[in-house]
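Spelled out, the chains give:
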Number of protein chains: 2
Amino acid sequence: MEIRSFTIQTLERLPYYLHYMESRETEDVSSRDLANALGLNEVQVRKDLAAVSSKAGRPRRGFERKPLIRDIREALGFGRMDEAVIVGVGHLGTALINYKGFRELGLRIVAGFDLQVEDEIWVNETPVFSSDRLKNLIPRLNVKMAILTVNSENAQAVCDELVAAGIRAIWNFSQVMLNVPDNVIVRNENMAASLAVLSEYLSTGNNK
Amino acid sequence: MEIRSFTIQTLERLPYYLHYMESRETEDVSSRDLANALGLNEVQVRKDLAAVSSKAGRPRRGFERKPLIRDIREALGFGRMDEAVIVGVGHLGTALINYKGFRELGLRIVAGFDLQVEDEIWVNETPVFSSDRLKNLIPRLNVKMAILTVNSENAQAVCDELVAAGIRAIWNFSQVMLNVPDNVIVRNENMAASLAVLSEYLSTGNNK
DNA sequence: GAGATATCGATATCATAATATCGATTAAAA
DNA sequence: TTTTAATCGATATTATGATATCGATATCTC
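Computed from a prediction, not measured in an experiment: that's the story for all the values here. (Residues numbered from 1 in each chain as written. Chains lettered and ligands numbered in written order. Predicted model: local features only at pLDDT ≥ 70, side-chain atom pairs only at ≥ 80, totals over all residues. Heavy atoms only, no water.)

### Some remarks on the protein's contact with DNA strand C
Lining the immediate environment of DNA strand C, one finds 23 residues, of which Lys47(A), Ser31(B), Gly57(B), Arg60(B) and Phe63(B) sit closest. In DNA strand C, the atoms that sit within 4 Å of the protein are 67% sugar and phosphate, with bases accounting for the remainder. Contacts to DNA strand C include Lys47(A), whose side-chain N or O atom sits 3.0 Å from a base oxygen. Arg46(B) has a polar side-chain atom sitting 3.1 Å from a base nitrogen of DNA strand C. Elements supplying a minimum of two residues to the surface near DNA strand C: α1 (8–23) and α3 (42–52) of chain A together with α3 (42–52) of chain B. Ranked by the residues each element gives to the surface near DNA strand C, the list is headed by α3(A), at three residues. Here the residues of the surface near DNA strand C are counted per class, giving five nonpolar, eight polar and 10 charged. (Near = heavy atom within 4 Å. Polar contact = N/O pair within 3.5 Å; in protein donor to acceptor, adjacent residues only side chain to side chain. Helix = DSSP H or I, 4+ residues; strand = E, 2+ residues; numbered from the N terminus. Nonpolar A, V, L, I, M, F, W, Y, C, P; charged D, E, K, R; others polar.)

### Topic: the packing of helix α9 (residues 191–204) of chain A against helix α1 (residues 8–23) of chain B
Across the interface, α9(A) lies against α1(B) with an axial gap of 8 Å and an inter-helix angle of 130°. As judged from the angle between their axes, α9(A) and α1(B) are oblique. In this structure, the crossing between α9(A) and α1(B) has a hand that is right-handed. In this structure, α9(A) contributes Ala192(A), Ala193(A), Ala196(A) and Val197(A) to the contact, and α1(B) contributes Ile8(B), Leu11(B), Glu12(B) and Pro15(B). (Axes fitted to C-alpha atoms, helices over the stretch in contact; angles between N-to-C directions. Parallel < 35°, antiparallel > 145°, perpendicular 65-115°, else oblique. Left-handed = near helix turned anticlockwise from the far one by under 90°. Contact = heavy atoms within 4.5 Å.)

### Quick word on the relation of the copies chain A and chain B
Structural alignment of chain A on chain B gives an RMSD of 0.1 Å, achieved by rotating through 180° and translating 0.0 Å along the axis. Viewed as a symmetry operation, the transformation between the two copies matches a two-fold axis. Of the C-alpha atoms belonging to chain A, the one lying closest to the rotation axis is found on Ala95(A), 2.7 Å away. Comparing interface residues between copies, 100% of those in chain A also sit at the interface in chain B, which points to an isologous, same-surface contact. (Least-squares fit on C-alpha atoms with pLDDT ≥ 70 in both.)

### A short note on the sheet that holds strand β5 (residues 121–123) of chain B
Sheet strands line up and pair through hydrogen bonds in the backbone, either parallel or antiparallel. Ordered by their spatial adjacency, seven strands build an open sheet running β5-β6-β4-β3-β7-β8-β9 (chain B), and the pairing between neighbours is mixed. A single partner strand is all that each edge strand has here, and the edge strands are β5 and β9 (185–188) of chain B. Taken pair by pair, the neighbouring strands of this sheet meet at an average axis angle of 25°, ignoring direction. Against the sheet, α9(A) touches β3 (82–87), β4 (107–114), β7 (145–148), β8 (169–172) and β9 of chain B, its axis set at about 165° to β8(B). (Pairing = 2+ DSSP bridges.)

### Focus: the protein's contact with DNA strand D
In the neighbourhood of DNA strand D, 23 residues make up the surrounding shell, with Ser31(A), Gly57(A), Phe63(A), Lys47(B) and Arg58(B) lying closest. When the atoms of DNA strand D within 4 Å of the protein are sorted by group, sugar and phosphate make up 67%. In the environment of DNA strand D, a phosphate oxygen lies 3.0 Å from a nitrogen or oxygen atom belonging to the side chain of Gln9(B). One of the side-chain nitrogen or oxygen atoms of Arg58(B) is found 2.6 Å away from a phosphate oxygen of DNA strand D. Residue assignment for the surface near DNA strand D shows that the elements contributing at least two residues are α3 of chain A together with α1 and α3 of chain B. Considering every element that reaches the surface near DNA strand D, the biggest residue donor is α3(B), with three residues. Class assignment for the residues of the surface near DNA strand D results in five nonpolar, eight polar and 10 charged.

### Looking at the pairing of β4(B)
The side chains of a regular strand alternate between both faces of the sheet. Residues and elements named next belong to chain B. In terms of burial, β4 is a largely internal element, seven of the eight residues being buried. For β3 and β4, the ladder comprises six bridges, and the chain directions are parallel. Across the sheet, residue Val87 finds its bridge partner in β4, namely Phe113. (Buried < 20%, exposed > 50% of the residue type's maximum accessible area, 1.4 Å probe, protein only.)

### Examining the interface of chain A and chain B
Facing 62 residues of chain A, the contacting portion of chain B comprises 62 residues. Carbon and sulfur atoms make up 66% of the area that chain A and chain B hide from each other, which totals about 6,500 Å². Counting every contact that joins chain A to chain B gives zero salt bridges. Summed over the shared surface of chain A and chain B, the result is 16 residue pairs in polar contact (both at pLDDT 80 or more). Among the elements of the structure, α1, α2 (31–38), α5 (91–98), β8 (169–172), β9 (185–188) and α9 of chain A are those that each provide at least two residues to the side of chain A that touches chain B. With 14 residues, the top contributor of residues to the side of chain A that touches chain B is α9(A). Per-class residue counts for the side of chain A that touches chain B are 34 nonpolar, 16 polar and 12 charged. (Buried area = accessible area lost by both parts, 1.4 Å probe. Salt bridge = Lys/Arg side-chain N within 4 Å of Asp/Glu carboxyl O.)

### So, the pattern of salt bridges
Note that side chains of opposite charge can pair when their charged atoms are close. Residue and element names in this part refer to chain A. Throughout the structure, instances matching the rule amount to 16 salt bridges over all chains. Measuring nitrogen to oxygen at the nearest pair gives 3.4 Å for the salt bridge that ties Arg108 to Glu83. Taken together, the residues span a long stretch of sequence, with Arg108 in strand β4 (residues 107–114) and Glu83 in strand β3 (residues 82–87) at a distance of 25 residues. With a relative accessible area of 30%, Arg108 lands in the partly exposed category.

### Regarding the packing of α5(A) against helix α5 (residues 91–98) of chain B
Between α5(A) and α5(B), whose axes approach to 9 Å, the crossing angle comes to 180°. With respect to each other, α5(A) and α5(B) are oriented roughly antiparallel. The segment α5(A) lies against α5(B), with His91(A), Leu92(A), Ala95(A) and Asn98(A) engaging His91(B), Leu92(B), Ala95(B) and Asn98(B). Of the residues that constitute the contact of α5(A) with α5(B), the class distribution is four nonpolar, four polar and no charged.

Structure, rendered in structure tokens:
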């Protein structure tokens, strides 16, 4: 089993490196350029780059921009296309179905499920089914990723169904910390915490 | 200037503690209960609770549930109501305007701005204006928080306008690491990174 | 009432990530 | 051609967060 050689922290910075480098037109880019542009430490930048690319930098030049872009895209999985279902097609779920940025990132949402839906409906090109049909359809679609945008009350129960249906990766937008077996990965999108950080800053002026 | 005594990591766990405790009906709740339910270390739970509440726990009982709930809600800023504008009213922006969860979290979106809009339009109860009017309206509304859901190309330019208009806290959904003065705080919502974590797990089976 | 034990809070240890330091190297400048 | 300086990569240090340990104590059981 292949293992990842870089940390999640590194992974989280990669999209920013990528965007900066794609916006340049020079032959090379140095770790200092990147660090200054993104407000990071330049040693950290070099370590991140070393973790995802075998290309060495050169003194007084930096790194060749184009090969590095390729390596970062590779590390971010931009080559592969994943399929996912989305459960909970309210406002947020609908927005995510419509969000065209996912395609660029290599994600295709192939179906939605919602308790409120009786017969199949369509949100643009995406079919949305009653949640009842989740346990049958997911194995047939052979999808391994699910986006969870249901409310807190239902989150764990839906999660259990998803796992039983064969889902192995869950992108969790609910306020619940999900209980899953070891072979299932959860990524939490914690809006309440994000908002709290900002709100607290405004009310106290205290950063970090 | 009041300072926050707890870390962002603690803050990110608070919504989960809160949800768990609100779903219980017992008089008390122990750090072990919480830790087991949420898959955390119980020492970590105790430290988090100590950081946001002066209430002591008792041997063999744990913590009184209701006062602790109050303290966590206080720490998360649920008492206060913040106002924000949203810039970039595409699919994601529209969803966030409609997302009723924000109200519970103490956030009211008072206006939207979008380049495509010529005259004022309405998204439910929220007025959306042309981006031209941003620099005049934001000071008049006296809003200090902005949600940024524009595309990467425009993100930094819009950010600069927001800062000039008096915005001090930015919730950034774009793929760009924004450059801001020291007295402005940015919180990045990094969808590409989240997706990459999940996608990579599915393709390699490697967790953590 | 005496003993057992669950739970706390404090402190110590460990793990991980961020940052600083420094010699080596190579392109540019003199 | 020689000197200068920007940049790298490796290593050391520091900072931060997570986890383990342990004595104190309040409640429960007998």
